[in-house]
Amino acid sequence: PVVWWHPATQQAAVALVPAAPAPGAGYLDKTAMCKFYSSGRCKRGANCSFAHDPAELRARPVFFKSKLCEELLATGRCTRGHLCTFAHVEEELRPVL
């Protein structure tokens, strides 16, 4: 579950988190609250990629080591070394969680 502070009610709200985005949705869709909805200024309605209700919130995906390091591929070295969040060899590649 995701715990979120609802500014209008000044209470905590809990939302269940679906494991994957809806078909056609991006990895980051519905991972943050819409800053315009509570004031009635969201013009996207049902097409908004941000959550309008805590129950819509999903956990943010973890992209750590899910892609090869572009700097290493382009130059043969990485200036970030062990602090790099990208994979340096194929064995380090992980699925997006």
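Residues numbered from 1 in each chain as written. Predicted model: local features only at pLDDT ≥ 70, side-chain atom pairs only at ≥ 80, totals over all residues. Heavy atoms only, no water.

**Some thoughts on the overall build of the protein**
Part 1 of the reasoning: Each helix and strand counted, the protein has one helix and two strands in total.
Part 2 of the reasoning: Across the protein, helices and strands are ordered from the amino to the carboxyl terminus as β-β-α.
Part 3 of the reasoning: In the protein, which comprises 97 residues, the share counted as buried stands at 19%. (Helix = DSSP H or I, 4+ residues; strand = E, 2+ residues; numbered from the N terminus. Buried < 20%, exposed > 50% of the residue type's maximum accessible area, 1.4 Å probe, protein only.)

**As for the packing of aromatic side chains**
In this description, an aromatic ring pair is defined by two values, namely the gap between the centres and the angle between the planes.
Part 1 of the reasoning: With the rule as written, the count across this model stands at one aromatic pair.
Part 2 of the reasoning: Aromatic pair Tyr 27 and Phe 63: ring centres 5.9 Å apart, planes at 85°, arrangement edge-to-face. Here Tyr 27 is found in the loop between strand S2 (11-15) and helix H1 (70-75), whereas its partner Phe 63 is found in the loop between S2 and H1, with 36 residues between them in sequence.
Part 3 of the reasoning: On the basis of relative accessibility, which here comes to 46%, the residue Tyr 27 falls in the partly exposed class. (Phe/Tyr/Trp six-rings, centres within 6.5 Å; stacked < 30°, edge-to-face > 60°.)

**Some words on unusual backbone geometry**
Part 1 of the reasoning: Phi at Lys 30 takes a positive value of approximately 60°, unusual for a residue other than glycine.
Part 2 of the reasoning: As for its position among the elements, Lys 30 is in the loop between S2 and H1.
Part 3 of the reasoning: Notably, Lys 65 is not glycine yet its phi reads approximately 60°, a positive angle.
Part 4 of the reasoning: Taking relative accessible area as the criterion, Lys 65 reaches 10% and is therefore assigned buried.

**Here we look at a nonpolar patch on the surface**
Part 1 of the reasoning: On the surface, Tyr 27, Leu 28 and Phe 63 cluster together to form a nonpolar patch covering roughly 310 Å² of accessible area.
Part 2 of the reasoning: Here Leu 28 is to be found in the loop between S2 and H1.
Part 3 of the reasoning: With a relative accessible area of 43%, Leu 28 lands in the partly exposed category. (Patch = residues over 30% accessible without salt bridge, like charges linked within 9 Å, V, L, I, M, F, W, Y side chains within 5 Å. Areas by Shrake-Rupley, 256 points an atom, 1.4 Å probe, with all protein chains shown as cover. Salt bridge = Lys/Arg side-chain N within 4 Å of Asp/Glu carboxyl O.)

**Brief notes about the pattern of salt bridges**
Part 1 of the reasoning: Counted according to the given criterion, the structure contains three salt bridges.
Part 2 of the reasoning: Of the charged contacts in the structure, one is a salt bridge between Lys 67 and Glu 70, with a shortest N-O distance of 3.8 Å.
Part 3 of the reasoning: Overall, Lys 67 belongs to the partly exposed group, its relative accessible area being 45%.
Part 4 of the reasoning: Two residues, Arg 80 and Glu 71, come together in a salt bridge whose shortest N-O distance is 3.3 Å.
Part 5 of the reasoning: What makes Glu 71 partly exposed here is its relative accessible area of 22%.

Coordinates in, geometry out; function isn't part of it.
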